[in-house]
Amino acid sequence: MLFDNQFFSNLISTIIGTATGALFAYWFALRQFKIQTETEARKVCVDTALAFYQELSSHDFAQARTEANKMLEPYLTASSLDDVWSSMSQEKRRPILTVLSYFRRLQLSIQYKRIDEEMVLDLVSEEFFWWYFVWFNRLIPDDWETRRQIDKLDRWFQDNMPPTEYDRKKSYALSRLEVRMKKFQASQQVQHVNSQEKQS
């Protein structure tokens, strides 16, 4: 009888020990899986941010931005692209749409947590501020879906940057706009004077 009690006691201890070991191994495996998954997700987000920066720095996108600037330059003092957009050829629209598409994709990557947000703040914010405050905020009509998405991106920057940093970058973009406005208005006046001289 003593033998039976000792046997069952040892058996129960063995079962408890095995179960405890199995539970610990299962918990450890889950923890490792979670760490690995988070590491992989983090790597994907970092890689996405670097891909956006690489695209921003690429020759093709630099060329698209230069062309978009040229296409938009005549409308520097306009209040909206609504009236002229339909009359623009597809070729003239293409670089503008390329830039808009870049920031639209960036906004979606942020919205769905597919990109490293700290890297976006460091690598892309200044370029976005320039495009947003020089062109998009003034020229993209309020009823365009693209406008709503670009405004979402601006709000995200507001919510995720220190207010002083946001204001500094916004002020810098607006000061660059002011310089461009003055040059544009001066060139318009020169053209007006030249045309009057030709007529007289």
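Everything here concerns the structure above.
Computed from a predicted structure; not experimentally measured.

Caption draft 1: How the structure looks around the overall build of the chain. Scanning the chain from terminus to terminus reveals eight helices and zero strands. If you list the helices and strands of the chain from N to C, you get α-α-α-α-α-α-α-α. Per-residue burial for the chain yields a buried fraction of 31% across its 200 residues. For the chain, the exposed area adds up to about 13,200 Å²; of that, 57% sits on carbon and sulfur atoms.

Caption draft 2: Geometry of empty space enclosed by the protein. All told, the structure shown has one cavity of 30 Å³ or more when counted by the stated rule. In this model, the largest cavity occupies a volume close to 50 Å³. Along the walls of the largest cavity sit Glu-126, Phe-129, Trp-130, Arg-168, Lys-169, Tyr-172, Ala-173 and Arg-176, which together make up its complete lining. Where the lining of the largest cavity is concerned, the elements lending two or more residues are helix H6 (125–139) and helix H8 (163–199). Among the elements that make up the lining of the largest cavity, the one with the highest residue count is H8 (five residues).

Caption draft 3: The pattern of salt bridges, seen in detail. Considering all chains together, one arrives at 14 salt bridges under this definition. The residue Glu-55 makes a salt bridge to Arg-105 at a minimum N-O spacing of 2.6 Å. Linking Glu-55 in helix H1 (residues 2–57) with Arg-105 in helix H4 (residues 90–111), this pair joins segments that are 50 residues apart in sequence. Here Glu-55 falls in the partly exposed class, since its relative accessible area comes to 25%. When its relative accessible area of 33% is taken as the criterion, Arg-105 is described as partly exposed. The shortest N-O distance in the salt bridge between Arg-147 and Asp-151 comes to 3.0 Å.

Caption draft 4: Local environment of helix H7 (residues 145–160). If you check H7, its first and last C-alpha atoms are 23 Å apart, about what 16 residues at 1.5 Å a residue would give, namely 22 Å. Burial in H7 covers these residues: Arg-147, Gln-149, Ile-150, Asp-151, Leu-153, Asp-154, Trp-156 and Phe-157.

Caption draft 5: Spotlight on the side chain of Lys-169. With respect to the helices and strands, Lys-169 occurs in helix H8. Given the relative accessible area of 9%, Lys-169 is considered buried. With residues up to four places along the chain from it excluded, the contact list for Lys-169 reads Leu-121, Ser-125, Glu-126, Phe-129 and Met-161.

Caption draft 6: Highlighting H6. Here H6 is 15 residues long and its end C-alpha atoms lie 20 Å apart, about the 21 Å a rise of 1.5 Å per residue gives. The sharpest bend along H6 comes to roughly 50 degrees, located at Tyr-132.

Caption draft 7: Examining the nonpolar core more closely. With 46 residues, the main nonpolar core has Phe-103, Leu-106, Trp-131, Trp-135, Phe-136 and Phe-157 as its most contacted residues. When residues of this core are traced back to their parent elements, those giving at least two are H1, helix H2 (59–72), H4, helix H5 (117–123), H6, H7 and H8. Residues in contact with Phe-103, not counting those within four places in the same chain, are Val-124, Glu-127, Phe-128, Trp-131, Phe-136, Ile-150 and Leu-153.

Caption draft 8: Spotlight on the environment of Trp-156. Within the element layout of this structure, Trp-156 appears in helix H7. It is 8.6 Å that separates the C-alpha atoms of Trp-156 and Gln-107, two residues lying 49 residues apart in sequence. Contact partners of Trp-156, with chain neighbours within four places excluded, come to Ile-110, Glu-117, Val-120 and Leu-121.

Caption draft 9: Just unusual backbone geometry, in detail. The backbone of Lys-113 sits at a positive phi, close to 55 degrees, despite the residue not being glycine. Along the chain, Lys-113 falls in the loop between H4 and H5.

The rules behind each value
Residues numbered from 1 in each chain as written. Predicted model: local features only at pLDDT ≥ 70, side-chain atom pairs only at ≥ 80, totals over all residues. Heavy atoms only, no water. Helix = DSSP H or I, 4+ residues; strand = E, 2+ residues; numbered from the N terminus. Buried < 20%, exposed > 50% of the residue type's maximum accessible area, 1.4 Å probe, protein only. Areas by Shrake-Rupley, 256 points an atom, 1.4 Å probe, with all protein chains shown as cover. 1 Å grid on protein atoms, 1.4 Å probe; cavity = no way out; pocket = protein on both sides within 12 Å on 5 of 7 lines; lining within 4 Å. Points joined across faces, edges and corners; volume = space filled by probe spheres on them. Salt bridge = Lys/Arg side-chain N within 4 Å of Asp/Glu carboxyl O. Expected span 1.5 Å × (residues − 1). Contact = heavy atoms within 4.5 Å. Bend = angle between axes of the 7 residues up to and from the residue. Core = buried A, V, L, I, M, F, W, Y, C linked by side-chain atoms within 4.5 Å.

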